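Chain residues, written in single-letter form:
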Amino acid sequence: MPAICQGAVQPEGQGSTFSALVPTVLLLAALLCLPGTGAAAQVSPATVRGTVQDQAGAPIAGATVTANHLGTGQSRTVSSDAEGQFEILQLAPGAYEVRASQSGFSAKTQGDLQLAAGQLATLDLVLEPAPETSSSTTANLIREDQLIGLPLNGRSYSQLATLQAGVSDTSAASGSRGVGGGSLTVAGGRSTSNTFLLDGTNIMDTGNRVPRSAAGVQLGLDSVLQVQVFSANYGPEYGRNSGGVMNSISRSGSDEFHGSFFEYFRNSKLDARNFFDRGPNPPPFKRNQFGFTL
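Calculation rules
Residues numbered from 1 in each chain as written. Predicted model: local features only at pLDDT ≥ 70, side-chain atom pairs only at ≥ 80, totals over all residues. Heavy atoms only, no water. Helix = DSSP H or I, 4+ residues; strand = E, 2+ residues; numbered from the N terminus. Contact = heavy atoms within 4.5 Å. Pairing = 2+ DSSP bridges. Axes fitted to C-alpha atoms, helices over the stretch in contact; angles between N-to-C directions. 1 Å grid on protein atoms, 1.4 Å probe; cavity = no way out; pocket = protein on both sides within 12 Å on 5 of 7 lines; lining within 4 Å. Points joined across faces, edges and corners; volume = space filled by probe spheres on them. Salt bridge = Lys/Arg side-chain N within 4 Å of Asp/Glu carboxyl O. Buried < 20%, exposed > 50% of the residue type's maximum accessible area, 1.4 Å probe, protein only.

Asks: Help me get a handle on the environment of Phe105, residues and values and all.
Replies: Inspection of the secondary structure puts Phe105 in the loop between strand 5 (94-101) and strand 6 (108-115). Apart from the residues lying within four places of it in its own chain, the contact partners of Phe105 are Asp54, Ile60, Leu127, Glu128, Pro129 and Ala130.

Asks: Outline the sheet that holds strand 1 (residues 46-54), listing residues and values.
Replies: Read across the open sheet, the three strands follow the order 4-1-7; overall the sheet is mixed. The outermost strands of the open sheet, each flanked by one partner alone, are strand 4 (85-91) and strand 7 (120-127). The sheet shows a mean angle of 20° between the axes of neighbouring strands, direction not considered. Summarising the sheet, strand 1 and strand 4 pair through five bridges and their orientation is antiparallel. The residue bridging Val48 from the neighbouring strand is Ile88, located in strand 4.

Asks: Which residues make up the pairing of strand 6, and what values do they have?
Replies: Two strands pair when backbone bridges link them, and strand 5 and strand 6 are joined in this way by six bridges, in the antiparallel orientation. Paired with Gly94 across the bridge in strand 6 is Leu115. Between the end of strand 5 and the start of strand 6, which pair antiparallel, lie six residues, with Gly104 showing a positive phi angle near 90°.

Asks: Describe empty space enclosed by the protein, listing the residues and the values that go with them.
Replies: For the structure shown, the criterion picks out two cavities of 30 Å³ or more. The calculated volume of the largest cavity comes to roughly 50 Å³. Ala161, Val167, Leu184, Val186, Asn194, Phe196, Val229, Phe230, Gly244, Val245 and Met246 are the residues that line the largest cavity. Every element with two or more residues in the lining of the largest cavity is listed here: strand 10 (184-186), strand 13 (224-230) and strand 14 (245-250).

Asks: Explain the pattern of salt bridges to me, and be specific about the residues and the numbers.
Replies: Within the structure shown, the criterion is met by three salt bridges. With its nearest N and O atoms 2.5 Å apart, the salt bridge here joins Arg49 to Glu87. One end of the pair, Arg49, is in strand 1; the other, Glu87, is in strand 4, and 38 residues separate them in sequence. The exposure class of Arg49 is partly exposed, given its relative accessible area of 39%. A salt bridge links Glu144 to Arg251; its shortest N-O distance comes to 3.0 Å. With Glu144 in helix 2 (residues 144-149) and Arg251 in the loop between strand 14 and strand 15 (260-267), this residue pair connects regions lying 107 residues apart in the sequence. On the basis of relative accessibility, which here comes to 35%, the residue Arg251 falls in the partly exposed class.

As structure tokens, this is what we get:
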């Protein structure tokens, strides 16, 4: 508050007394005339305390909790502890918006929280799991255990693509006899509309078909780690054709030699007689597929 300057008037007949009081009066007047320094207003801060948890009631540790003053825009941020508890101190009175966020969860916002001076507010925030983001590239994966464990007549990994939705093989009948196969139709498209990649590199021939063996199938299961099958909604990096995309991922090497030896054996001696077969025995059939990788 401003200081008030006060003066004294000398009464008659008291000269000596007034002269003695002059220094004291002047000193007091100077002190009273100094600019006043008002005491700062002491306002009791408010506090927000609470927990962050998921829908099952489990605490969420490390969540970021921010209290934003809607009037001034000032904010304070803390993190929840191992038990999901948090405490935000030294908050000025007013309207607040409290927001909690954590990776893997959708952020939760509590708006219009009115805090009075000295108030201790309790707030429990429940976070819901974040929805899965859809990617522009949807790939089905032919895993290594499928390539090794599933029986493939002709050892063509393209046969496993028919396990995916919307993928069929129009030459499956001839492929079952080991003399063809691999003419995949994806979502009703033509077999010549597909794209075959090896580690991301296009391996189509001049006829826009994938290279095949003499039997008309794709070999090399022992050198393939997995196969990505893009049937629809794939990104522009897999463009060029309007059909599906098959990207074969080859096995990587190491600092030691590794290899395998295989033989796939088929023989009419192991087959049962078909109802339409003539004679007491099934027609002769012998087939041996063998090779090795290093």
